[in-house]
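Examining the three-dimensional arrangement
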Amino acid sequence: MDYAFPIIEADELAYVIKALENRVCASGKIVAEFERLFAEYEGVKHAIGVSNGTDAIFLTMRALNVRGKKVAVPAMTFFATVEAVINAGGIPVFVDIDDTYTIDPEDLASKEFDVVMPVHLFGITANMDEISRIAEEKGAIVVEDAAQAQGSERRGKKVGSIGKAGAFSFYPTKNLYTCGRAGAITTNDDELAEKIRLLRAHGEKSKYYHVLVGRNMRMSDPEAAILKEQMKKLDERVEIRRRNAKILIEELSGVEGVTLPPEEPPHAKRSRHLFPIRVEKPEEFVEKLNRLGIPARRIYQVPIHKMEVMQRINDPDVNMRAGFIEYPDYSKVVLKKTEELSEKTVVLPVHHGLTEEDMKIIVEGVKRVLKRNFS
Ligand SMILES: Cc1ncc(COP(=O)(O)O)c(C=O)c1O
């Protein structure tokens with residue numbers, strides 16, 4: 001049993017070979033085809049293929065000119081969420097989460113910010129109704145970090161299509177993935193899309209003529225070829241993830257010593273990237289599960305505001321923006337729920353390579369370890 005399932009299937013490989021035979025290795029026709037497909041899937045006007053999810057966030061923040069502005073973010077997420085904001089010159093403002101592992105609207109309402117970036121962590125759809133309402137009241141922009149949530153929805157809309165823009169990662173562990181590096185930005189905003197397209201390729205408006213200081217953050221055609229083929233399987237794979245998560249919910253609800261995330265509300269659909277549970281002694285718990293062959297893990301066990309990088313954010317050796325941007329003292333930040341969840345959370349795999357039988361083995365393993373720990 002594996003933690004993730006980054007298998008590239010034969011039909012996807014065949015399409016890559018076809019792309020290579022056409023001698024299209026750089027960013028070209030197949031990237032444009034994938035962008036069309038992904039925009040259609042997301043129900044947005046534009047999807048822009050880029051080099052990875054971190055660059056998708058960076059390019060969006062850069063295009064929105066967040067330099068010196070406050071960007072509200074959760075602190076229990078992969079560091080890239082915050083790192084990309086800092087690299088674009090933004091000032092992270094950490095917001096607490098609630099039991100869903102996504103931004104707590106009540107805490108958000110108490111903060112000052114220009115942009116808010118909810119993260120749909122583990123494929124759990126953030127409370128976009130409340131987040132959008134609060135952002136509107138404050139005149140702030142919403143950008144979604146949908147890196148872990150291809151296929152998640154809220155009120156019939158795909159995540160990544162609800163805010164001004166959405167950022168996706170196609171890292172090998174994700175719901176839609178390549179063998180290497182790829183990401184995308186989704187938006188309905190023509191101007192923003194145009195600016196991001198320029199920024200991802202050196203700000204080059206016409207051949208060898210540049211209007212913006214950008215970067216080289218393009219997606220390549222072979223990566224797009226894999227993604228294009230995989231798009232056909234995405235919904236089916238999300239359904240397998242949802243079935244696997246359902247087995248965990250049914251079998252582990254009410255079991256002593258384990259806390260599950262709140263139920264999926266009827267107006268939301270979670271694509272189930274990973275399945276988080278809370279236990280009392282997570283380190284020991286994971287070790288025992290691993291010994292049984294169950295690939296559970298602790299992830300994001302140190303919230304970002306507590307990390308050395310944030311404590312030393314004004315050191316130019318740590319952060320190249322130090323000295324140019326004024327940051328708050330992050331050692332004073334307290335996020336009660338974030339700290340509790342980071343400390344207690346263990347993730348279980350639910351990927352499309354796991355069968356119902358595998359899920360029963362995971363359930364039995366969890367119950368066995370809990371029994372030993374708590375009886
Ligand atoms: C929540 C979140 N944001 C951003 C990223 C960055 O994506 P990538 O690894 O493709 O740069 C990831 C990927 O792991 C992620 O999980």
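Residues numbered from 1 in each chain as written. Predicted model: local features only at pLDDT ≥ 70, side-chain atom pairs only at ≥ 80, totals over all residues.

1. Some thoughts on the sheet that holds strand E12 (residues 268-269)
Stated precisely, the cut-off is as follows: We call two strands paired when DSSP finds no fewer than two bridges between them. Per the convention used, a helix needs a DSSP run of H or I reaching at least four residues, while a strand needs a run of E reaching at least two, with both numbered from the N terminus.
Ordered by their spatial adjacency, three strands build an open sheet running E7-E6-E12, and the pairing between neighbours is antiparallel. The sheet is open, and its two edges are formed by strand E7 (157-158) and E12, each paired on a single side. As defined by bridge partners, strand E6 (residues 153-154) adjoins E12 across two bridges and the pair is classed as antiparallel. Residue pairing for E12: Arg154 is matched across the bridge by Ala268.

2. Overview of the site of the ligand
The criterion, for reference: The criterion for a residue being near a molecule or strand is simple: its C-beta atom, placed using the backbone, must lie within 6 Å of it.
For the ligand, the set of nearby residues contains 14 residues, the closest of which are Asn52, Gly53, Thr54, Ala147 and Ser169. Those elements that provide at least two residues to the shell around the ligand are helix H3 (53-63) and helix H4 (80-87).

3. Let's talk about helix H11 (residues 336-344)
The criterion, for reference: Exposure classification rests on a simple neighbour count of other C-beta atoms within 10 Å of a residue's own: a residue reaching 20 or more is buried, one at 12 or fewer is exposed, and one in between is partly exposed. C-beta atoms are placed from the backbone. Of all possible arcs, the one meant is that of the directions from the helix axis to the C-beta atoms. The contact criterion used here is simple: two residues whose C-beta atoms, placed from the backbone, lie within 7 Å are in contact.
Residues of H11 that are buried include every one of Thr338, Leu341 and Ser342, and no others. Down the axis of H11, the buried side of the element spans an arc of 100 degrees, and every buried residue falls inside it. Those residues of H11 hidden inside the fold are in contact with strand E2 (70-74), strand E13 (275-278) and strand E14 (345-348).

4. Concerning the environment of Asp358
Turning to its location among the elements, Asp358 is positioned in helix H12 (residues 356-374). Put simply, Asp358 and Asn244 are 114 residues apart on the chain and 9.0 Å apart in space, counted from C-alpha to C-alpha.

5. Re the nonpolar core
Using the following cut-off: The term nonpolar core refers to a set of buried Ala, Val, Leu, Ile, Met, Phe, Trp, Tyr and Cys residues connected through C-beta atoms within 7 Å. Where each domain starts and ends follows an automatic or database-derived domain assignment.
Judged by nonpolar contacts, the single largest core of 106 residues is most densely connected at Val71, Val115 and Val116. Considering each element in turn, this core owes the most residues, seven residues, to helix H8 (residues 221-252). When residues of this core are assigned to domains, at least three fall in each of domain 1 (10-230) and domain 2 (233-300 + 338-374). Val115 has contacts with Leu64, Val66, Lys69, Val71, Ala140, Ile141 and Val143, leaving out every residue within four places of it along the chain.

6. As for the domain arrangement of the protein chain
The condition that has to hold: All residues other than Ala, Val, Leu, Ile, Met, Phe, Trp, Tyr, Cys, Pro, Asp, Glu, Lys and Arg, Gly among them, are scored as polar; the first ten of these are nonpolar and the last four charged.
Entries for the protein chain in the domain assignment read domain 1 (10-230) and domain 2 (233-300 + 338-374). Its C-alpha centre places domain 1 at a distance of 27 Å from the equivalent point of domain 2. With 25 residues of domain 1 at the contact, the number on the domain 2 side is 21 residues. Of the residues that constitute the side of domain 1 that touches domain 2, the class distribution is nine nonpolar, 10 polar and six charged.

7. Re the sheet that holds strand E5 (residues 141-145)
This is how it is decided: To obtain an axis, a line is fitted to C-alpha atoms, over the contacting stretch when the element is a helix, and the angle between two such axes runs from 0 to 180 degrees between their N-to-C directions.
The strand order E1-E9-E8-E5-E4-E2-E3 describes an open sheet built from seven strands, whose pairing is mixed. Taken across any chain shown, the strands that pair with only one partner, and hence form the sheet edges, are strand E1 (46-50) and strand E3 (91-95). Here E5 pairs with strand E8 (residues 165-169) via three bridges, running parallel. By the bridge assignment, Glu144 is partnered in E8 with Gly166. The sheet contacts of H3 involve E1, E5, E8 and strand E9 (183-187), and relative to E8 the element is tilted by about 160 degrees.

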